[in-house]
Amino acid sequence: MTRPVFILNGPNLNLLGQREPEIYGHDTLADIENLCRETGKKLNLEVEFRQSNHEGVLVDWIQEAGSGSAAVIINAGALSHTSIAIMDALKAIPVPIIEVHLSNIFAREEFRHHSYISPIATGIICGFGPKGYQLGIEAVYESLKRP
Ligand code: DQA
């Protein structure tokens, strides 16, 4: 049995559904979790889905994922644009890292164009809404088939 895919979500993503729906849509984080679980089931991948508003908690989970996961899919929210601590934690783990954003960060304010995660990610998916998480799990599946 392969280790679970950790799907980590950062600040304010608990508010999806109510938060700026014109940008982030109407799906809640629970809807996205269900989509991830369904996708994982189809591909026979276990999914560990978490959200925190706290940088240090995310760092702890990334460290846990280093020995306990097959891959990390991460939407770090605004911390993508600010957190060297999250970048360093991701750099220290030996598993594939997929960066996901619901919105197309490059079509938005300039401060969102830079992500500390992008240079160290295996791949980046942005602008496809919740579907991006599904694409991330499919990408992990493909990379596990062909390491
Ligand atoms: C986001 C984009 C970030 O710029 C923003 O701070 C978020 C959500 C996205 O999923 O589109 O919180 O990561």
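This text follows the structure it describes.
Given the structure is predicted, the values throughout are model-derived calculations rather than measurements.

A. Highlighting the side chain of R108. Note that R108 resides in the loop between β4 (97–101) and β5 (123–126). In this structure R108 comes out as buried when scored by relative accessible area, which is 17%. Engagement of the side chain of R108 in a polar contact is seen with the side chain of S103, the distance being 2.9 Å.

B. Examining the pattern of salt bridges more closely. Using the criterion set out here, one finds six salt bridges in the structure. One salt bridge in this structure joins R37 and E33, with 2.8 Å as the shortest N-O distance. Pair noted here: R37 and E33 are both in helix α2 (residues 29–43), with a separation of four residues, about one helical turn. Among the ionic pairs, R112 bridges to E109, the shortest N-O distance being 2.7 Å. Judged by its relative accessible area of 15%, R112 is buried. One salt-bridge network, held together by shared partners, links E48, R50 and E64.

C. Representation of the packing of aromatic side chains within the structure. Enumeration over the complete set of coordinates arrives at one aromatic pair. Taking 6.5 Å as the distance between ring centres and 40° as the angle between the ring planes, the aromatic pair formed by F49 and Y133 counts as tilted. Here Y133 lies in helix α5 (residues 131–145) and F49 lies in strand β2 (residues 47–51), a separation of 84 residues in the sequence. The residues F49 and Y133 share a single accessibility class, namely buried.

D. Quick look at the pairing of β4. The buried fraction of β4 amounts to five of the five residues, a majority that puts the element mostly inside the structure. Across three bridges, strand β3 (residues 71–75) lies against β4 in parallel orientation. Each residue of the ladder has a partner; that of V72, found in β4, is I97. Across four bridges, β4 lies against β5 in parallel orientation. Counted as the bridge partner of V100 is I125 from β5.

E. Here's a closer look at the packing of α2 against α5. One way to put it is that α2 packs onto α5 with a least axis distance of 9 Å and a crossing angle of 25°. Here α2 is positioned roughly parallel relative to α5, judged by the angle of their axes. As α2 runs across α5, the sense of the crossing is right-handed. Along the contact surface, α2 presents I32, L35, C36, T39, G40 and L43, while α5 presents K131, Y133, Q134, I137, E138 and Y141. Here the contact of α2 with α5 is composed, by residue class, of seven nonpolar, three polar and two charged.

Rules and cut-offs
- Residues numbered from 1 in each chain as written.
- Predicted model: local features only at pLDDT ≥ 70, side-chain atom pairs only at ≥ 80, totals over all residues.
- Heavy atoms only, no water.
- Helix = DSSP H or I, 4+ residues; strand = E, 2+ residues; numbered from the N terminus.
- Buried < 20%, exposed > 50% of the residue type's maximum accessible area, 1.4 Å probe, protein only.
- Polar contact = N/O pair within 3.5 Å; in protein donor to acceptor, adjacent residues only side chain to side chain.
- Salt bridge = Lys/Arg side-chain N within 4 Å of Asp/Glu carboxyl O.
- Phe/Tyr/Trp six-rings, centres within 6.5 Å; stacked < 30°, edge-to-face > 60°.
- Pairing = 2+ DSSP bridges.
- Axes fitted to C-alpha atoms, helices over the stretch in contact; angles between N-to-C directions.
- Parallel < 35°, antiparallel > 145°, perpendicular 65-115°, else oblique.
- Left-handed = near helix turned anticlockwise from the far one by under 90°.
- Contact = heavy atoms within 4.5 Å.
- Nonpolar A, V, L, I, M, F, W, Y, C, P; charged D, E, K, R; others polar.

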